Amino acid sequence: MVDFLTPAQRSERMSRIRGTDSRPELALRRALHRLGLRYRLHAKDLPGKPDIVFPRYKAVVFVHGCFWHRHAGCNIATTPKSNTPFWVEKFDKNVARDSRVVATLEELGWHVFVAWECELAPSKVQATAEQLALAIRATGT
Ligand SMILES: [Zn+2]
């Protein structure tokens, strides 16, 4: 089968696929649901469109890819050796946008949590979900 996508189109499509309902995000949602938490998804009406929203606790969770969102100290958050200034600028923009979004949500009274991709590997997702569930319930709303 012939591939008609340019590299840019392909990468755009991949990032869109990865951006919503990625496998780590699905695993996390399933685990949180088993822990009794009820949520809605991809709140388009909230700043930054959080991936998982817990209206009862006024809490949101962003599921962040370690590479794009620069998980500090994580070995997935590498910087490409070629075209480095391009990547650094892109990463800086992502990080700046993320912190703006967190600040805006907190000003609106939301509790904001981040679940990193590397903490959602099959062997880790259950423990991560349990910690997250505790933290969300501790918001006490
Ligand atoms: Zn990571």
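Everything here concerns the structure above.
Just so we're clear, the structure is a prediction, and the values are computed from it rather than from any experiment.

Enquirer: What exactly am I supposed to notice about helix α5 (residues 125–138) here?
Expert: Because each turn of an α-helix spans 3.6 residues, side chains separated by three or four positions end up pointing in the same direction. Helix length check: α5, at 14 residues, gives a terminal C-alpha distance of 20 Å against a target of 20 Å (1.5 Å per residue), a fit within 8%. For α5, the full list of buried residues reads T128, A129, L132 and I136. For α5, the angular spread of buried residues about the axis comes to 95 degrees, placing them on one side. Those residues of α5 that are exposed and angled more than 90 degrees off the buried face are A127, L134 and A138. At its buried positions, α5 is contacted by α2 (23–34), β2 (52–54), β3 (59–64) and β4 (111–116). Following α5 by one or two positions, G140 has its phi on the positive side, about 75 degrees.

Enquirer: Sorry if this is basic, but what is going on with the pairing of β3 here?
Expert: A regular strand places its side chains on the two faces of the sheet in alternate fashion. The buried count for β3 comes to six of six residues, which makes it a mostly enclosed element. Neither face of β3 is exposed, since A59, V61 and V63 on one face and V60, F62 and H64 on the opposite face are all buried. Of the pairings in the sheet, the one linking β2 to β3 comprises three bridges and is antiparallel in character. The residue bridging F54 from the neighbouring strand is A59, located in β3. What sits between β2 and β3 in their antiparallel hairpin is a turn of four residues, with K58 showing a positive phi close to 50 degrees.

Enquirer: Help me understand the sheet that holds strand β1 (residues 40–41) in this model?
Expert: Sheet strands line up and pair through hydrogen bonds in the backbone, either parallel or antiparallel. The four strands lie next to each other as β1-β2-β3-β4, forming an open sheet whose pairing is mixed. The open sheet has two edge strands, β1 and β4, and neither has a second partner. Inspection of the sheet shows β3 paired to β4 by six bridges, in the parallel sense. Residue pairing for β4: H64 is matched across the bridge by W116. Strand contacts of α5: β2, β3 and β4, with the helix running at about 175 degrees to β4, the strand carrying the most contacts.

Enquirer: I keep staring at the nonpolar core and nothing clicks. Help me out?
Expert: Across soluble globular proteins, you tend to see nonpolar side chains buried next to one another. Within the largest apolar cluster, 20 residues are counted, with the highest numbers of intra-cluster contacts made by V60, V61 and A115. Elements that contribute at least two residues to this core include exactly α2, β2, β3, β4 and α5. Broken down by element, the residue count for this core peaks at five residues, all from β3.

Enquirer: Just checking my understanding: could you explain the environment of R137 for this structure?
Expert: Mapped onto the secondary structure, R137 falls in helix α5. On the neighbour-count criterion, R137 (16 C-beta atoms within 10 Å) is partly exposed. A sequence separation of 83 residues divides R137 from F54, and the C-alpha atoms of the two residues are 10.0 Å apart.

Enquirer: I tried to follow the environment of L134 on my own but got confused; where do I start?
Expert: In this structure, L134 sits in helix α5. Here L134 falls in the exposed class, since 10 other C-beta atoms lie within 10 Å of it. Along the backbone, L134 and L35 are 99 residues apart, and their C-alpha atoms lie at a distance of 9.8 Å.

Each value, and the rule that gives it
Residues numbered from 1 in each chain as written. Predicted model: local features only at pLDDT ≥ 70, side-chain atom pairs only at ≥ 80, totals over all residues. Helix = DSSP H or I, 4+ residues; strand = E, 2+ residues; numbered from the N terminus. Expected span 1.5 Å × (residues − 1). Buried ≥ 20, exposed ≤ 12 C-beta atoms within 10 Å, placed from the backbone. Arc of directions from axis to C-beta. Contact = placed C-beta atoms within 7 Å. Pairing = 2+ DSSP bridges. Axes fitted to C-alpha atoms, helices over the stretch in contact; angles between N-to-C directions. Core = buried A, V, L, I, M, F, W, Y, C linked by C-beta atoms within 7 Å.

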